[in-house]
Amino acid sequence: DVLKLYLAALIRQQFDGLKVAVVANLPYYITSPILMKLLEDKLPIESITAMVQKEAADRICAKPGSREAGAISLAVHYWAEPKILFTVSPGSFTPPPKVTSAVIQLAVRKTPPVTPKSPARMFGVIKAAFGQRRKTAVNAISSGLALPKASVEQAVATLQKGALVRPEQLTLEDFAQLSDLL
């Protein structure tokens, strides 16, 4: 079970001194937890190439600040540069699944594109913002982090995107700035 395996020791033991890339056909129901473990554990890997469900690929690779973006998009963009390489039709498998697949590649970053005071705090703000996606960023963050709405409104105002901005309209830079202010 990759989620329970201590991968840093395995890599040191089996691939010490070598460039490491992960290539996998990920179980669709645990794609995000596996990818986040590989990225958050700061393993000595250069890239991750994986086949995932097309919908997951679209979400994972969505540009932060776009309508398709979600918490997973922002987290992946923090740790890596993602791209969809190609799609795989259901007819490529026997028996054919009911979904289209896609092969994605995550080029692991040496340094993140933003430097919040506390990455953990930034991810807490992101999680709160997307925890109640139909709400405005102010309401979702205020509610999700149990912060006074006025202080969140003041922080969001510094972004100059309007009081009714939605979480998916915010970039990684916006979330870094918000987490530093809150």
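The structure presented is a predicted model; accordingly, all values stated were derived computationally and were not measured. (Residues numbered from 1 in each chain as written. Predicted model: local features only at pLDDT ≥ 70, side-chain atom pairs only at ≥ 80, totals over all residues. Heavy atoms only, no water.)

Draft legend 1. Representation of the sheet that holds strand β1 (residues 21–25) within the structure. Judged by pairing direction, the sheet is mixed, and its four strands sit side by side in the order β1-β2-β4-β3 without closing on themselves. Strands with a single pairing partner mark the edges of an open sheet, and in this sheet they are β1 and β3 (80–88). Averaged over all pairs of adjacent strands, the angle between strand axes in this sheet comes to 20°, irrespective of strand direction. Relative to strand β4 (residues 101–108), β3 is paired through eight bridges, and the arrangement is antiparallel. Across the sheet, Ile-84 pairs through a bridge with Ile-104, a residue of β4. Lying over the sheet, helix α4 (residues 71–79) contacts β3 and β4, oriented at roughly 115° with respect to β3. (Pairing = 2+ DSSP bridges. Helix = DSSP H or I, 4+ residues; strand = E, 2+ residues; numbered from the N terminus. Axes fitted to C-alpha atoms, helices over the stretch in contact; angles between N-to-C directions. Contact = heavy atoms within 4.5 Å.)

Draft legend 2. Structural view of the environment of Ser-73. Take Ser-73: it is sitting in helix α4. Note: C-alpha distance between Ser-73 and Ala-56 (17 residues apart in sequence) is 9.8 Å. Sequence-distant contacts of Ser-73, defined by excluding residues within four places in its chain, comprise Arg-59, Ile-60, Ala-62 and Glu-68.

Draft legend 3. Molecular detail of the packing of aromatic side chains. Applying the stated rule across the entire model yields three aromatic pairs. Consider the rings of Tyr-78 and Trp-79, whose centres lie 4.9 Å apart with planes at 90°: the pair is edge-to-face. In this pair, the class of Tyr-78 matches that of Trp-79, namely buried. Judged by centre distance (5.2 Å) and plane angle (90°), the rings of Tyr-78 and Phe-123 are edge-to-face. Of the two residues, Tyr-78 is situated in helix α4 and Phe-123 in helix α5 (residues 119–131); the sequence distance between them amounts to 45 residues. Pair check on accessibility: Tyr-78 and Phe-123 agree, each one buried. Members of the aromatic cluster, each reached through a chain of ring pairs, are Tyr-78, Trp-79 and Phe-123. (Phe/Tyr/Trp six-rings, centres within 6.5 Å; stacked < 30°, edge-to-face > 60°. Buried < 20%, exposed > 50% of the residue type's maximum accessible area, 1.4 Å probe, protein only.)

Draft legend 4. Expanded view of the pattern of salt bridges. A complete count under the given rule lists four salt bridges for this structure. Between Lys-37 and Asp-41 there is a salt bridge whose closest N-O contact spans 3.0 Å. Residue Asp-41 is classed as partly exposed on the basis of its relative accessible area of 39%. Taking the shortest distance from any N to any O, the salt bridge between Lys-54 and Asp-58 comes out at 2.7 Å. Of the two residues, Lys-54 and Asp-58 are both situated in helix α3 (residues 54–61); the distance of four residues between them amounts to about one turn of the helix. Its relative accessible area of 26% is what places Lys-54 among the partly exposed residues. Residue class for Asp-58 comes out partly exposed when judged on its relative accessible area of 32%. (Salt bridge = Lys/Arg side-chain N within 4 Å of Asp/Glu carboxyl O.)

Draft legend 5. Looking closely at helix α6 (residues 137–145). Listing the buried residues of α6 in full gives Ala-137, Val-138, Ala-140, Ile-141 and Ser-142. Of the residues one or two after α6, Ala-146 is the one with positive phi, at around 55°.

Draft legend 6. Summary view of the environment of Glu-55. In this fold, Glu-55 is placed in helix α3. Residues Glu-55 and Glu-81, 26 residues apart in the sequence, show an inter-C-alpha distance of 18 Å.

Draft legend 7. Quick look at the side chain of Asp-174. Inspection of the secondary structure puts Asp-174 in helix α8 (residues 172–181). There is a polar contact of 2.9 Å between the side chain of Asp-174 and the backbone nitrogen of Thr-171. Excluding its chain neighbours within four sequence positions, the residues that come into contact with Asp-174 are Leu-159, Lys-161 and Gln-169. (Polar contact = N/O pair within 3.5 Å; in protein donor to acceptor, adjacent residues only side chain to side chain.)

Draft legend 8. Looking closely at the pairing of β4. Alignment of strand β2 (residues 47–53) against β4, held across seven bridges, turns out to be antiparallel. Within β4, the position partnered with Met-51 by the bridge is Val-103.

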